[in-house]
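# Working through the structure, step by step
These are the residues of each chain, in order.
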Amino acid sequence: DYIRRQRQMCIRDRDRNMKSGGAKANASGQQHENIVQLIAQRHGLETYRYKDWVKQGHPNPAIITRYPYESIYATDGYGDAYILSGRKSIWIEAKRQTVSGSVDEKYPYVFHNMIEEWIHLADKVVVVFDGTGMKDTAVDWIKDQCREYNRMNGKKVVHAMRLHEFIPWLDKTI
């Protein structure tokens, strides 16, 4: 009986100290969003949460986080980073997957938000991927969708790229 109680206490303590898989994924995704924002800050842009950006009188240039939008499901969504730099605007979504999981199953949802919602809020839209847990075929799929959309519209306005590709792209774009 004593051993059983000790084992239960150990399990309870372990469970309190362990993050769930979802909590770990959220923390990893937040870290990736922060990295993307830091890369943009190299261009002298200050970061604001949307509500603070509004209170400050819409400063420009700026990086705005939690920028609200209506998703393709007609629900409230919040963007990872919205960059304003003079007359240019860039919508950035950051997706990270460090272990095999479901983030790549969300790419069709992300792509449709890119072309149906976010493109109306910004001049350019980019999804930045990081991590090794996503399927290469899924990344290739969304990159192909972006290329086809840009070809059909005669402009390069939607992009999907890995983090190492994003840095030089942003340097040329801002």
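### Some points on the pattern of salt bridges
Proximity of charged atoms lets side chains of opposite charge pair with each other. Counted by the stated rule, this structure contains six salt bridges. For Asp 171, the salt bridge identified is with Arg 42, shortest N-O distance 2.6 Å. One end of the pair, Asp 171, is in helix α6 (residues 163-173); the other, Arg 42, is in the loop between α2 (21-41) and β1 (47-49), with 129 residues separating them in the sequence. Classification of Asp 171 by relative accessible area gives partly exposed; the value is 35%. Linking Lys 143 and Glu 165 is a salt bridge whose minimum nitrogen-to-oxygen distance equals 3.3 Å. On the criterion of sequence distance, the pair formed by Lys 143 in helix α5 (residues 136-153) and Glu 165 in helix α6 is long-range, its members being 22 residues apart. Owing to a relative accessible area of 16%, Lys 143 belongs among the buried residues under this scheme.

### Observations concerning the packing of helix α4 (residues 107-116) against α5
A packed helix pair is summarised by two numbers, namely the angle formed by the two axes and the spacing between the axes. It is the contact of α4 with α5, at a shortest axis distance of 10 Å, that shows an interaxial angle of 20°. On the basis of their axis angle, the class for α4 and α5 is roughly parallel. Relative to α5, α4 is oriented so that their crossing is right-handed. Across the interface between the two elements, Tyr 107, Pro 108, Val 110, Phe 111, Met 114 and Ile 115 of α4 pack against Ala 138, Val 139, Trp 141, Ile 142, Gln 145, Cys 146 and Tyr 149 of α5.

### Details of the pairing of strand β2 (residues 62-65)
On β2, burial covers both faces: Ala 62 and Ile 64 on one face and Ile 63 and Thr 65 on the other are all buried. Summarising the sheet, β1 and β2 pair through three bridges and their orientation is parallel. Residue pairing across strands places Tyr 48 opposite Ile 64, the latter belonging to β2. Note that the unit made of β1, helix α3 (residues 50-55) and β2 has a crossover that is right-handed. Two strands pair when backbone bridges link them, and β2 and strand β5 (residues 81-85) are joined in this way by three bridges, in the antiparallel orientation. Bridge assignment links Ala 62 to a residue of β5, and that residue is Leu 84.

### A few points about the layout of surface pockets
In this structure, the second largest pocket spans a volume of roughly 200 Å³. Lining the second largest pocket, in full, are Lys 143, Cys 146, Arg 147, Asn 150, Lys 156, Val 158, His 159, Ala 160, Met 161 and Glu 165. Elements supplying a minimum of two residues to the lining of the second largest pocket: α5 and β8 (158-162). Among the residues making up the lining of the second largest pocket, the classes are represented as four nonpolar, two polar and four charged.

### A short note on a positive patch on the surface
Among the surface-exposed residues, Arg 49, Lys 51, Lys 55 and Arg 66 lie close enough to one another that they form a single positively charged patch. Its location among the elements puts Arg 49 in strand β1.

### What to know about the nonpolar core
Judged by nonpolar contacts, the single largest core of 30 residues is most densely connected at Trp 91, Tyr 107, Met 114, Phe 129, Ile 142 and Val 158. Within the residue set of this core, elements represented by two or more residues are β2, β3 (67-70), β5, α4, β7 (124-130), α5 and β8. With near-sequence residues (within four places) excluded, Tyr 107 lies in contact with Phe 129, Met 134, Ala 138, Val 139, Trp 141 and Ile 142.

Each value, and the rule that gives it
Residues numbered from 1 in each chain as written. Predicted model: local features only at pLDDT ≥ 70, side-chain atom pairs only at ≥ 80, totals over all residues. Heavy atoms only, no water. Salt bridge = Lys/Arg side-chain N within 4 Å of Asp/Glu carboxyl O. Helix = DSSP H or I, 4+ residues; strand = E, 2+ residues; numbered from the N terminus. Buried < 20%, exposed > 50% of the residue type's maximum accessible area, 1.4 Å probe, protein only. Axes fitted to C-alpha atoms, helices over the stretch in contact; angles between N-to-C directions. Parallel < 35°, antiparallel > 145°, perpendicular 65-115°, else oblique. Left-handed = near helix turned anticlockwise from the far one by under 90°. Contact = heavy atoms within 4.5 Å. Pairing = 2+ DSSP bridges. Right-handed = clockwise from strand over helix to strand, strands pointing away. 1 Å grid on protein atoms, 1.4 Å probe; cavity = no way out; pocket = protein on both sides within 12 Å on 5 of 7 lines; lining within 4 Å. Points joined across faces, edges and corners; volume = space filled by probe spheres on them. Nonpolar A, V, L, I, M, F, W, Y, C, P; charged D, E, K, R; others polar. Patch = residues over 30% accessible without salt bridge, like charges linked within 9 Å, V, L, I, M, F, W, Y side chains within 5 Å. Areas by Shrake-Rupley, 256 points an atom, 1.4 Å probe, with all protein chains shown as cover. Lys, Arg positive; Asp, Glu negative; His and termini not counted. Charge placed at Lys NZ, Arg CZ, Asp CG, Glu CD. Core = buried A, V, L, I, M, F, W, Y, C linked by side-chain atoms within 4.5 Å.

The analysis is restricted to geometry; functional conclusions fall outside its scope.
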